[in-house]
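Coordinate inspection notes
Chain residues, written in single-letter form:
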Amino acid sequence: MKRAVVSIWLCVAACGGGGGGGAVLPSAPTRLLATDLELGPTVNQGDVVVRLSSVPDPAPVLLQVAIEIPPQLSLPAGGERLLAAAPLVDLDGDFVDGRFVVMCGDARNANAVPLAVGDLFRLRLQPSLPRQPGTYTVRLRQVLAASRDGAAVAAETETISATVTVR
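This text gives an overview of the structure that appears in the document. Per chain, residues are indexed from 1 in the order of the written sequence. In keeping with the predicted nature of the model, local features appear solely for residues at pLDDT of at least 70, side-chain atom pairs appear and are counted solely at 80 or more, and the whole-chain, interface and lining totals rest on all residues. Where side-chain values are given, they derive from all heavy atoms of the structure, hydrogens and water being excluded.

Considerations on the side chain of Ser147
Mapping Ser147 onto the fold places it in the loop between strand 10 (134–146) and strand 11 (152–153). A 3.5 Å cut-off defines polar contacts: any pair of N or O atoms within that distance qualifies, except that in protein one atom must be a possible hydrogen donor and the other a possible acceptor, and neighbouring residues in sequence count only when both atoms are side-chain atoms. Within the local environment of Ser147, its side chain forms a polar contact with the side chain of Asp149, the two groups lying 2.4 Å apart. When sequence neighbours within four positions are dropped, the list of residues in contact with Ser147 reads Val61 and Val153. Starting at the N terminus, helices and strands are each numbered in turn, a helix being any DSSP run of H or I of at least four residues and a strand any DSSP run of E of at least two. We call two residues in contact when some of their heavy atoms are within 4.5 Å.

As structure tokens, this is what we get:
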């Protein structure tokens, strides 16, 4: 995963973040949304659904996002931390510099299908032990998107938040 994360970062950085003299700006950048989550007193896990809410033209085929998870929440130890909510060739995540970095889309095929508006993946969360009831914010930052040819695709720079309530 770390190699893939570094690859998209280098690809987007090498492309200069897009733009250029006289370029036409897309009408809507790549934008994500995340659902809120409530974990009742007897519930030990739940999913925050990350959704692609808009894409420019051309649409990205690969997307990366860094997710900040507060210490009162954690990811399950097993392989069910990330679950695809749509068909994705690549879906992987790992911790990099204290954030859980997720890469999704298609990093393998030259004729990759663009990502479509809709649910992308589910991030499974659980209360850290000892369980601390309260309301916590999960933040999605540093959204990067790339086209089939590796060029940067416009992406929303605002932080996206999901509220997780632990009862």
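Some words on the pairing of strand 4 (residues 62–68)
Of all the seven residues making up strand 4, six are buried; the element is thus mostly covered by neighbouring parts of the structure. Two strands pair when backbone bridges link them, and strand 4 and strand 8 (residues 99–105) are joined in this way by six bridges, in the antiparallel orientation. The partner of Ile67 across the bridge, within strand 8, is Phe100. Any two strands with at least two DSSP-identified bridges between them are counted as paired. Summarising the sheet, strand 4 and strand 10 pair through six bridges and their orientation is antiparallel. Bridge assignment links Gln64 to a residue of strand 10, and that residue is Leu144. Exposed residues in this analysis have more than 50% of their type's maximum accessible area, buried residues have under 20%, and partly exposed residues fall in between, with area computed by a 1.4 Å probe over protein chains only.

Observations concerning the layout of surface pockets
A pocket, in this scheme, is an open set of points on a 1 Å grid over the protein atoms alone with protein on both sides within 12 Å along at least 5 of 7 lines, while a cavity is a set where a 1.4 Å probe fits but cannot get out; residues line either one if an atom lies within 4 Å of a point. Grid points are joined across faces, edges and corners, and a volume is the space filled by probe spheres set on the points. Each pocket or cavity is described by its volume, and for the second largest pocket that value is around 200 Å³. Lining the second largest pocket are 15 residues, and of these Pro87, Leu88, Val113, Pro114 and Leu115 sit closest to its centre. No other element matches the three residues that strand 9 (residues 118–127) contributes to the lining of the second largest pocket.

Considerations on the environment of Val49
Here Val49 is to be found in strand 3 (residues 46–54). Considered as a pair, Val49 and Leu120 are 71 residues apart in the sequence and their alpha carbons are 7.6 Å apart. Here Val49 is in contact with Leu33, Ala34, Thr35, Asp119, Phe121 and Arg122, once residues within four sequence places are set aside.

Details of the environment of Glu156
Here Glu156 is to be found in the loop between strand 11 and strand 12 (160–166). Along the chain, Glu156 and Ala28 lie 128 residues apart, while their C-alpha atoms are 8.6 Å from each other. If we skip the residues at most four places from it in the chain, Glu156 touches Pro29, Thr30, Arg31 and Val143. Of note is the side chain of Glu156, whose polar atom sits 2.7 Å from the side chain of Arg31.

Quick look at the pairing of strand 10
The two faces of the sheet receive side chains in turn, since in a regular strand these alternate between them. With seven bridges connecting them, strand 10 and strand 12 associate as antiparallel partners. Paired with Leu140 across the strands is Ile160, a residue of strand 12. Looking at chain direction, strand 10 and strand 11 are connected through two bridges and run antiparallel. When the bridges of strand 11 are listed, Ala146 appears paired with Ala152. The antiparallel hairpin formed by strand 10 and strand 11 contains five residues in its connecting segment, where Gly150 sits at a positive phi of about 90°.

Geometry only, nothing functional implied.
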